[in-house]
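Descriptive analysis of the structure
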Amino acid sequence: QCPLQRFNHKYSMRTLCPSCGNRPVAVNYVKNGVTHYRKQCDSCLRKGKKLKPKTAAWVLSGYKKKPHCEKCGFTAKIAEQLQVFHIDGKLSNTAWPNLRTICANCAIEVVKSKLPWKPGITPDA
């Protein structure tokens, strides 16, 4: 084997670091012949770089969280009092008619009522 083939094989399963996007993620440990990787490269881990939070699919679709609950009409003073729910239970379905902004109290009712609604990922402010 030429050295380049060994290099390609060795790093073929490693993804790029999500923080810098330049280097492959660091190896954490090998157990029973299976290599487990860290979430970042060695350089970003040493520098203490934080991982970028995931952006919610409903945010990427352009949906804006309403200032009031669409179930009971509660007007929130703080945006964190409201959550975005997917009515059909599929987080990949980000069509606006499928999304509802509801308050924390109604969210508990929805969960207890066994409706298929699922909360969307809440992006960090």
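Residues numbered from 1 in each chain as written. Predicted model: local features only at pLDDT ≥ 70, side-chain atom pairs only at ≥ 80, totals over all residues. Heavy atoms only, no water.

Description of helix H4 (residues 104-112)
The complete set of buried residues in H4 reads Cys106, Ala107 and Val110. On an axial view of H4, the arc spanned by its buried residues comes to 105°, and they lie on one face. Summarising the geometry of H4, the exposed residues directed more than 90 degrees from the buried face are Asn105, Ile108, Val111 and Lys112. The inward-facing, buried residues of H4 abut strand S3 (82-86) and strand S4 (99-103). Of the residues trailing H4, Lys114 is marked for its positive phi of about 65°. (Buried < 20%, exposed > 50% of the residue type's maximum accessible area, 1.4 Å probe, protein only. Helix = DSSP H or I, 4+ residues; strand = E, 2+ residues; numbered from the N terminus. Arc of directions from axis to C-beta. Contact = heavy atoms within 4.5 Å.)

Concerning the packing of aromatic side chains
On inspection of all chains with the given rule, the structure shows 3 aromatic pairs. Here Trp58 and Tyr63 contribute two aromatic rings whose centre-to-centre distance is 6.2 Å and whose plane-to-plane angle is 80°, an arrangement assigned as edge-to-face. Pair check on accessibility: Trp58 and Tyr63 agree, each one buried. Pairing Tyr63 with Trp96 gives two aromatic rings, centres 6.2 Å apart and planes at 75°, and the pair type is edge-to-face. With Tyr63 in the loop between helix H3 (57-60) and S3 and Trp96 in the loop between S3 and S4, this pair connects stretches of sequence that are 33 residues apart. Residue class for Tyr63 comes out buried when judged on its relative accessible area of 5%. Chaining the aromatic ring pairs together yields one cluster made of Trp58, Tyr63 and Trp96. (Phe/Tyr/Trp six-rings, centres within 6.5 Å; stacked < 30°, edge-to-face > 60°.)

Focus on the nonpolar core
Counting residues in each nonpolar core, the largest one holds 10 residues, listed as Cys69, Ala76, Leu82, Phe85, Ile102, Cys103, Cys106, Ala107, Val110 and Trp117. Of all the secondary structure elements, the ones that give two or more residues to this core are S3, S4 and H4. Examining the composition of this core, we find that 3 residues originate from one element, H4, more than from any other. The contact partners of Trp117, leaving out residues within four places of it in the chain, are Phe85, His86, Ile87, Arg100, Ile102 and Val110. Core analysis: the second largest hydrophobic core is formed by 5 residues, Ala56, Trp58, Tyr63 and Leu99 among them. (Core = buried A, V, L, I, M, F, W, Y, C linked by side-chain atoms within 4.5 Å.)

Comments concerning the sheet that holds S4
Spatially, 3 strands are ordered S4-S3-S5 in an open sheet, and the strand pairing comes out antiparallel. Taken across any chain shown, the strands that pair with only one partner, and hence form the sheet edges, are S4 and strand S5 (118-119). With respect to the sheet, H4 is in contact with S3 and S4, its orientation differing from that of S4 by roughly 115°. (Pairing = 2+ DSSP bridges. Axes fitted to C-alpha atoms, helices over the stretch in contact; angles between N-to-C directions.)

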